[in-house]
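For reference, the chains in residue letters:
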Amino acid sequence: MAENKKQQSPYPLAAAANGYARSDTESASHDARELRKKKRMKCLLYIVLFAVFQTGIILLFALTVMKIKTPKFRVRSATFENFNVGTPTNPSFSLRMNAEFGVKNTNFGHFKYQNSTVYFFYGLTQVGEVVVQKARAKARSTKKFNAVVELSLANAAAANTQLGNDLSSGVVRLSSKSKLSGKVELMKVLKKKKSTDMNCSMEIVTATQQLRNIVCK
C-alpha cells in the first residue's frame, strides 16, 4: 500500500507545475500587451506634439514672413547750394537742395516701385518738385538715393506775409508730399500691390543753411 501511495503522489505535483507555467505565460502575455499599449500611446503623443509644432510654425510664418506691410517713403536729410533768401520786407527764397530720400521696406520680399514725383510746398504754395526714378528696395532694408531739388518762392502775395515772419525768425517751414506705387514680391511667387504716401514737414534754418526737424507721418 505504501508503494502505491508513492507511485500516485507525483501526478498532483505535475498538475500544480503546469498551473504555475500557465500563470507565468499569462503574466508575460499581459506585460507584452501593456508594453505595446504604452508604445502606441507614446507614438500617438509624438504625432500630436509634431502636429502642434507644425501648426505653430505655419502660423508664425503666416504672421511674420507672409504678412505684407506698407513700405515707408521719406526725406532723410539735405544740404544746400546757391542759398539765397530775401528780407522780411522783401521776402523770397531761391536755393538748391541736395536731398537724400529713403524707401524703408520691412517685408521679407523686394519692393519694386515705379517712377514718381516728390512735391515741396511752402504753406499751400508749391515751391519745387523732383522726379524719383523707378528702382527696387531689397527685403528688410532701406533704399537710399539722392536727388537735386530747385526750391524758389518770389512774388507770391498770399505767402509773402508769413514768409516775412519766417525770415525774421530765421526758420522757413516746408512740407513734402508724394505717392510711391509698386509691388512687394515674396519668394518670386506672391506679388501684392502696395502704395506708400510721403507726408513730411521740415525746417530750413537760414543762418546755418541746415535742414532740421524732419517729421514724416
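In the block above lies the structure referred to throughout.
Below is a summary of the structure that appears in this document. What you see is a predicted model; the values in this text were computed from it and never measured.

Our focus in this paragraph is the pattern of salt bridges. Scanning all chains against the criterion turns up eight salt bridges. Arg-173 serves as the salt-bridge partner of Asp-166, at 3.5 Å between the closest nitrogen and oxygen. For Arg-173, a relative accessible area of 42% gives the class partly exposed. The partner of Glu-203 in a salt bridge is Arg-173, and the shortest N-O contact between them spans 3.7 Å. Of the two residues, Glu-203 is situated in strand β9 (residues 190-205) and Arg-173 in strand β8 (residues 171-186); the sequence distance between them amounts to 30 residues. Its relative accessible area of 14% is what places Glu-203 among the buried residues.

What follows concerns the nonpolar core. Ranked by internal contacts, the top residues of the largest apolar core, which has 39 residues, are Phe-73, Phe-93, Phe-101, Phe-120, Leu-151 and Leu-174. Residue contributions to this core peak at six residues, all from strand β2 (residues 93-105). Not counting residues within four places of it along the chain, the set of residues in contact with Phe-101 comprises Phe-73, Arg-74, Val-75, Arg-76, Val-118, Phe-120, Val-130, Lys-143, Lys-144, Phe-145, Ala-147 and Met-198.

What follows deals with a positive patch on the surface. The grouping of Arg-33, Arg-36, Lys-37 and Arg-40 at the surface amounts to a positive patch. You can see Lys-37 is positioned in helix α2 (residues 10-63).

We now examine the environment of His-110. Note that His-110 resides in strand β3 (residues 110-113). It is 7.0 Å that separates the C-alpha atoms of His-110 and Leu-186, two residues lying 76 residues apart in sequence. Those residues in contact with His-110 that sit more than four places away from it in its chain are Asn-105, Arg-136, Ala-137, Lys-138, Ala-139, Lys-183, Val-184 and Glu-185. Polar side-chain contacts of His-110 include one of 3.3 Å to the backbone nitrogen of Ala-139.

To continue, consider a nonpolar patch on the surface. Together, Met-41, Leu-44, Val-48 and Val-52 give the surface a local cluster of nonpolar side chains, amounting to about 380 Å² of exposed area. Classification of Leu-44 by relative accessible area gives partly exposed; the value is 47%.

With that settled, the discussion passes to the sheet that holds strand β1 (residues 72-85). Spatially, the three strands line up as an open sheet ordered β1-β2-β7, and their pairing is antiparallel. Strand pairing shows two members of the sheet lacking a second neighbour, β1 and β7 (141-153), which therefore form its edges. Averaged over all pairs of adjacent strands, the angle between their axes in this sheet comes to 20°, without regard to strand direction. Across 13 bridges, the pairing between β2 and β7 is antiparallel.

Its location among the elements puts Asn-105 in strand β2. In terms of polar contacts, Asn-105 uses its side chain to reach the side chain of Asn-107, at 3.0 Å. Beyond its immediate stretch of four places on either side in the chain, Asn-105 contacts Pro-71, His-110, Phe-111, Ala-137, Lys-138, Ala-139, Arg-140 and Ser-141.

The rules behind each value
Residues numbered from 1 in each chain as written. Predicted model: local features only at pLDDT ≥ 70, side-chain atom pairs only at ≥ 80, totals over all residues. Heavy atoms only, no water. Salt bridge = Lys/Arg side-chain N within 4 Å of Asp/Glu carboxyl O. Buried < 20%, exposed > 50% of the residue type's maximum accessible area, 1.4 Å probe, protein only. Helix = DSSP H or I, 4+ residues; strand = E, 2+ residues; numbered from the N terminus. Core = buried A, V, L, I, M, F, W, Y, C linked by side-chain atoms within 4.5 Å. Contact = heavy atoms within 4.5 Å. Patch = residues over 30% accessible without salt bridge, like charges linked within 9 Å, V, L, I, M, F, W, Y side chains within 5 Å. Areas by Shrake-Rupley, 256 points an atom, 1.4 Å probe, with all protein chains shown as cover. Lys, Arg positive; Asp, Glu negative; His and termini not counted. Charge placed at Lys NZ, Arg CZ, Asp CG, Glu CD. Polar contact = N/O pair within 3.5 Å; in protein donor to acceptor, adjacent residues only side chain to side chain. Pairing = 2+ DSSP bridges. Axes fitted to C-alpha atoms, helices over the stretch in contact; angles between N-to-C directions.

Any link to function would need more than the numbers given here.
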